[in-house]
Number of protein chains: 2
Amino acid sequence: MLETISAAQYELVYNAFSFTIAVMGAATAFLFLNRGQVAPIYRTAISISGLVTFIAMYHYVRIAGSWSEAYKILNGQVTVTGVAFNDAYRYVDWLLTVPLLLIELILVMNLSRSETVAKATKLGSLAALMVILGYPGEISSDPGTRWLWWSLSMIPFLVILFDLFVGLKQSIESQPAEARGLISQARYVTVVSWLFYPVVFVLPMIGMTGGAASTAVQVGYTIADIVAKAGFGILIYMIAVRKSEAEAGSH
Amino acid sequence: MLETISAAQYELVYNAFSFTIAVMGAATAFLFLNRGQVAPIYRTAISISGLVTFIAMYHYVRIAGSWSEAYKILNGQVTVTGVAFNDAYRYVDWLLTVPLLLIELILVMNLSRSETVAKATKLGSLAALMVILGYPGEISSDPGTRWLWWSLSMIPFLVILFDLFVGLKQSIESQPAEARGLISQARYVTVVSWLFYPVVFVLPMIGMTGGAASTAVQVGYTIADIVAKAGFGILIYMIAVRKSEAEAGSH
């Protein structure tokens, strides 16, 4: 069942969705257009960054449409129409984009082919598992069920974090000095923006209820998506530009 | 509450929105297509000019849709439907595009990397602050509240103008002679087109009321957006072409 919300809450969420459509569309155009500005070896990473924001733009168009079908606003009064708000769009989006985000980071590091394949397979699979385990909790309104799936989903999440900080340490030290700082920063952006998701997930379980909770959940996921996808994509682009320059200079 | 307007006023505003969608779409296509005509160093500036018009086109599609949902025109009679006209689209647009417009101008000047980052951060943040401070005034119908936020918003506006005319003076003098005139002109286009916004904002506070006021506000903002985004983007393109030619000739 959808919560009753105020007109101001409805509009805040709607405008956050519309803002995100514009941001994801602009990030996609930027990444696709400027792909040629980096060395050929990094172009796949930039293409994938653009695919992530493109997929997210598509889902935000759907999410905004579903949101405006779920509520009717007339003369400042909000009524629930009875049409369900489709929560699954977010999970379908994450199932595609979260593994791709980790693959972007691995590709821009330009490791050996075997290491790239091994790390991309491992981190990509863990990311997909994390999203799949979160979904049964998201669609439940029972706090016990939500905590169960939240905990299960946190296991692959923590393995990913461990791998980013311990498993990639050696690979990061072998990066050119000009890019090392940015790559390290990309790991922190990943961790900080990804931490939003489990935190937003628990808001309804720790006392936030009604319209305030559903507004906070929608706006929270939206901010996390902007940072983790568009912000992260631009960071990957900057890393690729710096590495291209460093490597061109060294020949 | 929406003002009652005449059928002629409704159509004037609607056609102004539709005109703007066409202009922004055409400017985006032009900038993206001709990005390769300038030297690689200026391509980011051209990409960003195209992103600005692309983001604006998206918002004008939304604004035109919201306008036609807010009013019903049947047999020449206008009735207010009760669906709110979403004023926030403009502010969401400006929050994204106004910082990017200043970044276009800084990038096409091709300053040192540190100066570029410093000026882009400073002017971009001031521009975002200016837009954020305007919004609480825009959604208020109380003249006192509108004047308060208008005045607060004018502070970053004046700092930006000061910076464009005093802070950038030295950088402009170091530009190639072929482009100096156009760059100086780009600053004037910025100032003149940007002055439209605070002037349009005060129209309802200085005696314009009812349908005439809301028509003037919508058409005024639309004209300002066309000049400040599409017109300015083409000017940035011309500067980049002149500078590319001048620099190719000097080698």
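Up top you'll find the structure we're talking about.
Now for a look at the structure at hand.

The rules behind each value
Residues numbered from 1 in each chain as written. Chains lettered and ligands numbered in written order. Predicted model: local features only at pLDDT ≥ 70, side-chain atom pairs only at ≥ 80, totals over all residues. Heavy atoms only, no water. Helix = DSSP H or I, 4+ residues; strand = E, 2+ residues; numbered from the N terminus. Rg over C-alpha atoms; globule rule 2.2 N^0.38 Å. Buried < 20%, exposed > 50% of the residue type's maximum accessible area, 1.4 Å probe, protein only. Contact = heavy atoms within 4.5 Å. Salt bridge = Lys/Arg side-chain N within 4 Å of Asp/Glu carboxyl O. Polar contact = N/O pair within 3.5 Å; in protein donor to acceptor, adjacent residues only side chain to side chain. Expected span 1.5 Å × (residues − 1). Least-squares fit on C-alpha atoms with pLDDT ≥ 70 in both. Pairing = 2+ DSSP bridges. Phe/Tyr/Trp six-rings, centres within 6.5 Å; stacked < 30°, edge-to-face > 60°. Lys NZ or Arg CZ within 6 Å of the ring centre and 35° of its normal. Axes fitted to C-alpha atoms, helices over the stretch in contact; angles between N-to-C directions. Parallel < 35°, antiparallel > 145°, perpendicular 65-115°, else oblique. Nonpolar A, V, L, I, M, F, W, Y, C, P; charged D, E, K, R; others polar. Patch = residues over 30% accessible without salt bridge, like charges linked within 9 Å, V, L, I, M, F, W, Y side chains within 5 Å. Areas by Shrake-Rupley, 256 points an atom, 1.4 Å probe, with all protein chains shown as cover.

For the rest of this paragraph, the subject is the overall build of chain A. Scanning chain A for helices and strands turns up 8 helices and 2 strands. Seen in sequence order, chain A has helices and strands lined up from the N terminus as α-α-β-β-α-α-α-α-α-α. Over its C-alpha trace chain A gives a radius of gyration of 19 Å, about what one expects of a compact globule, namely 18 Å for 251 residues. Taken along the three principal axes of its C-alpha coordinates, chain A extends 65 × 35 × 25 Å. Here chain A holds 251 residues, and 53% of them are scored as buried. Of all intrachain contacts in chain A linking residues separated by at least 6 positions in sequence, the fraction that spans at least 24 positions is 79%.

A few words on the interface of chain A and chain B. Opposite the 20 residues of chain A that make contact, chain B presents 23 residues. Scanning the region where chain A abuts chain B turns up 1 salt bridge. Measuring nitrogen to oxygen at the nearest pair gives 3.3 Å for the salt bridge that ties Glu245(A) to Arg113(B). Linking chain A with chain B are 9 residue pairs in polar contact (both at pLDDT 80 or more). Put simply, the parts of the chain that give the side of chain A that touches chain B at least two residues each are helix 1 (7-34), strand 1 (71-74) and helix 8 (210-249) of chain A.

Before going further, it helps to spend a moment on unusual backbone geometry. Non-glycine residue Asn110(A) carries a positive phi angle of around 55°. For Asn75(B), which is not glycine, the phi dihedral falls at a positive 55°.

For helix 2 (residues 43-70) of chain B, built from 28 residues, the straight-helix expectation of 40 Å at 1.5 Å per residue is met to within 8% by its first-to-last C-alpha distance of 41 Å. For helix 2 of chain B, the buried fraction is high: 20 of the 28 residues fall into the buried class.

Turning next to the relation of the copies chain A and chain B. Least-squares fitting of chain A to chain B yields an RMSD of 0.1 Å, with the transformation described by 0.2 Å of translation along the axis and a rotation of 77°. In short, the pair behaves as if placed about a five-fold rotation axis. Rotation axis and chain A: the residue whose C-alpha lies nearest the axis is Leu33(A), separated from it by 7.8 Å.

Residues and elements named next belong to chain B. Within the secondary structure layout, leucine 2 lies in the segment before helix 1 (7-33). Residue class for leucine 2 comes out partly exposed when judged on its relative accessible area of 25%. Spatially, the C-alpha atoms of leucine 2 and tyrosine 71 are 9.2 Å apart, while their sequence positions differ by 69 residues.

All names here are of chain B. Bridge analysis of strand 1 (residues 71-74) against strand 2 (residues 77-80) gives 4 bridges, and the strand direction is antiparallel. The partner of isoleucine 73 across the bridge, within strand 2, is valine 78. Linking two consecutive strands that pair antiparallel, namely strand 1 and strand 2, is a turn of 2 residues; a positive phi of about 55° is found at asparagine 75 within it.

With that out of the way, let us pick up the packing of aromatic side chains. Enumeration according to the criterion identifies 31 aromatic pairs over all chains in this entry. Seen from their ring centres, Phe17(A) and Trp67(A) are 5.9 Å apart, and the 85° between their planes marks the pair as edge-to-face. Of this pair, Phe17(A) sits in helix 1 while Trp67(A) sits in helix 2 (residues 43-70), and the two are 50 residues apart along the sequence. Residues Phe17(A) and Trp67(A) agree in their burial class; the two are buried. With 5.1 Å between their ring centres and 75° between their planes, Trp94(A) and Tyr197(A) make a pair best called edge-to-face. A residue pair is termed long-range when its members are at least 10 positions apart, and Trp94(A) in helix 3 (residues 88-109) and Tyr197(A) in helix 7 (residues 177-202) qualify at 103 residues. Relative accessible area serves as the criterion here: at 6%, Trp94(A) is assigned to the buried category. Here a set of aromatic residues connected by ring pairs shows up, and it is made of Tyr10(A), Tyr14(A), Phe17(A), Tyr60(A), Trp67(A), Tyr71(A), Phe85(A) and Tyr89(B). Residue placement shows Arg146(A) over the ring face of Phe201(A); its charged tip is 4.5 Å from the ring centre.

For helix 5 (residues 143-167) of chain B, spanning 25 residues, the distance from its first C-alpha to its last is 34 Å, which sits close to the expected 36 Å at 1.5 Å a residue. Where helix 5 of chain B is buried, its residues meet helix 3 (88-109), helix 4 (113-138) and helix 7 (177-202) of chain B.

In this section: the side chain of Ser140(B). Residue and element names in this part refer to chain B. Within the secondary structure layout, serine 140 lies in the loop between helix 4 and helix 5. A distance of 3.0 Å separates the side chain of serine 140 from the backbone nitrogen of aspartate 142, its partner in a polar contact. Here serine 140 is in contact with Thr145 and Arg146, once residues within four sequence places are set aside.

Inspection of the secondary structure puts Leu51(A) in helix 2. When the C-alpha positions of Leu51(A) and Ala213(A) are compared, they lie 31 Å apart, and in sequence the two are 162 residues distant.

Right, let's talk about the packing of helix 1 of chain A against helix 8 of chain A for a bit. Residues and elements named next belong to chain A. As a packed pair, helix 1 and helix 8 sit with axes 10 Å apart at the nearest point and diverge in direction by 10°. By the criterion of interaxial angle, the relationship of helix 1 to helix 8 is roughly parallel. Looking at the contact of helix 1 with helix 8 residue by residue, the classes come out as 16 nonpolar, 8 polar and 2 charged.

On the surface, Leu148(A), Leu152(A), Ile155(A) and Val159(A) cluster together into a nonpolar patch covering about 310 Å² of accessible area. Locating Leu152(A) in the fold gives a position in helix 5 (residues 143-167).

What follows concerns the packing of helix 5 of chain B against helix 7 of chain B. All names here are of chain B. Running from N to C, helix 5 and helix 7 cross one another at 175°; their axes reach a closest spacing of 11 Å. What the angle tells us is that helix 5 and helix 7 run roughly antiparallel. Of the residues in helix 7, those in contact with Arg146, Trp147, Trp150, Met154, Phe157, Ile160, Leu161, Leu164 and Phe165 of helix 5 are Arg187, Tyr188, Thr190, Val191, Trp194, Leu195, Pro198, Phe201 and Val202. Of the residues belonging to the contact of helix 5 with helix 7, the class tally is 15 nonpolar, 1 polar and 2 charged.

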